[in-house]
Amino acid sequence: ASSSMILSETEAWVEPLSLVLGPFLNLFSFAMLCRIVLSWYPSANVNDFPFSIVVWPTEPLLRLARGSVPPAFGVDITPVVWLGLFTFVNEILLGQQGLLTMKMKYGI
C-alpha cells in the first residue's frame, strides 16, 4: 500500500480552464487594486499613459456596477466590490480547497 496521493483522471476542460482563469482573476484583482489606489489621487489624469493601462480594461466593469452599487459616504466603492468578487471567485474555484483544484486532485 502506497501512502502517496493518487491523482484522479479528470475531464479535459478543467486544467486549461484553471490555467486561463487563474491569471485572468489575478490580473483583474490587481487592476482593481490599482483603481482603488488611483482613486486616492483625484487630480491624476486617467487618460495619461501609466494610468490608462489600468483604466481601459476596468472601466466597463466599473460602469456596469456603478448603477447598482451606491456610493458610500460620497466615495465610489465599485472597485472594492469588484476586487472582493474577483478574490472570492478565485478562492472558490482555484484556492487550496477550490472546486477546480479538488476536481483536478480527486476527480470529484
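Everything that follows concerns the structure shown earlier in this document.
As the structure is a computational prediction, the values presented were derived from the model and not from experiment.

Secondary structure summary: the protein contains 4 helices and 0 strands in total. For the protein, the N- to C-terminal ordering of α and β elements is α-α-α-α. For the protein, the C-alpha radius of gyration of 18 Å lies well beyond 13 Å, the compact-globule estimate for 108 residues. Taking the principal axes of the C-alpha coordinates as reference, the protein spans close to 65 × 30 × 20 Å. Residues counted as buried form 29% of the 108 residues belonging to the protein. Sequence-distant contacts in the protein: of pairs separated by 6 or more residues, those separated by 24 or more amount to 58%. About 7,700 Å² of surface is accessible on the protein, with carbon and sulfur atoms providing 70% of the total.

Turning to the nonpolar core, a few remarks are in order. Formed by Val14, Leu21, Leu25, Phe28, Met32, Ile36, Leu62, Ala65, Trp82, Leu83, Phe86 and Leu100, the largest nonpolar core amounts to 12 residues. Going through the elements one at a time, α1 (14-38), α2 (49-66) and α3 (78-94) are the ones with two or more residues in this core. If you tally residues by element for this core, the top one is α1, at 6 residues. Residue contacts for Leu62: discarding those within four places in its chain leaves Met32, Arg35, Thr78, Pro79 and Trp82.

Moving on to the environment of Ala44. Mapped onto the secondary structure, Ala44 falls in the loop between α1 and α2. Excluding residues within four positions of it along the chain, Ala44 makes contact with Leu38 and Phe51.

Right, let's get into the environment of Ile108. Mapped onto the elements of the fold, Ile108 is located in the segment after α4 (99-106). On the basis of relative accessibility, which here comes to 64%, the residue Ile108 falls in the exposed class. The residues contacting Ile108, other than those within four sequence positions of it, are Met102 and Lys103.

Another point: the packing of α1 against α3. Where α1 meets α3, the axes come as close as 9 Å, and the angle between the chain directions of the two elements is 155°. Relative to α3, the element α1 lies roughly antiparallel. Judged by the sense of rotation from one axis to the other, the crossing of α1 with α3 is left-handed. Touching Ser18, Leu21, Gly22, Leu25, Asn26, Phe28, Ser29, Met32, Leu33, Arg35 and Ile36 of α1 are Pro79, Val80, Trp82, Leu83, Phe86, Thr87, Val89, Asn90, Leu93 and Leu94, all from α3. By residue class, the composition of the contact of α1 with α3 is 14 nonpolar, 6 polar and 1 charged.

Okay, the pattern of salt bridges next. Taken as a whole and assessed by the stated rule, the structure comprises 3 salt bridges. For the salt bridge of Arg35 with Glu59, the shortest nitrogen-to-oxygen distance reads 3.1 Å. With a gap of 24 residues between them, Arg35 in helix α1 and Glu59 in helix α2 connect regions that are remote in the sequence. Both residues of the pair, Arg35 and Glu59, count as buried. Asp76 is the salt-bridge partner of Arg66, the closest N and O atoms lying 2.9 Å from each other. With Arg66 in helix α2 and Asp76 in the loop between α2 and α3, this pair connects stretches of sequence that are 10 residues apart.

Parameters and conventions
- Residues numbered from 1 in each chain as written.
- Predicted model: local features only at pLDDT ≥ 70, side-chain atom pairs only at ≥ 80, totals over all residues.
- Heavy atoms only, no water.
- Helix = DSSP H or I, 4+ residues; strand = E, 2+ residues; numbered from the N terminus.
- Rg over C-alpha atoms; globule rule 2.2 N^0.38 Å.
- Buried < 20%, exposed > 50% of the residue type's maximum accessible area, 1.4 Å probe, protein only.
- Contact = heavy atoms within 4.5 Å.
- Areas by Shrake-Rupley, 256 points an atom, 1.4 Å probe, with all protein chains shown as cover.
- Core = buried A, V, L, I, M, F, W, Y, C linked by side-chain atoms within 4.5 Å.
- Axes fitted to C-alpha atoms, helices over the stretch in contact; angles between N-to-C directions.
- Parallel < 35°, antiparallel > 145°, perpendicular 65-115°, else oblique.
- Left-handed = near helix turned anticlockwise from the far one by under 90°.
- Nonpolar A, V, L, I, M, F, W, Y, C, P; charged D, E, K, R; others polar.
- Salt bridge = Lys/Arg side-chain N within 4 Å of Asp/Glu carboxyl O.

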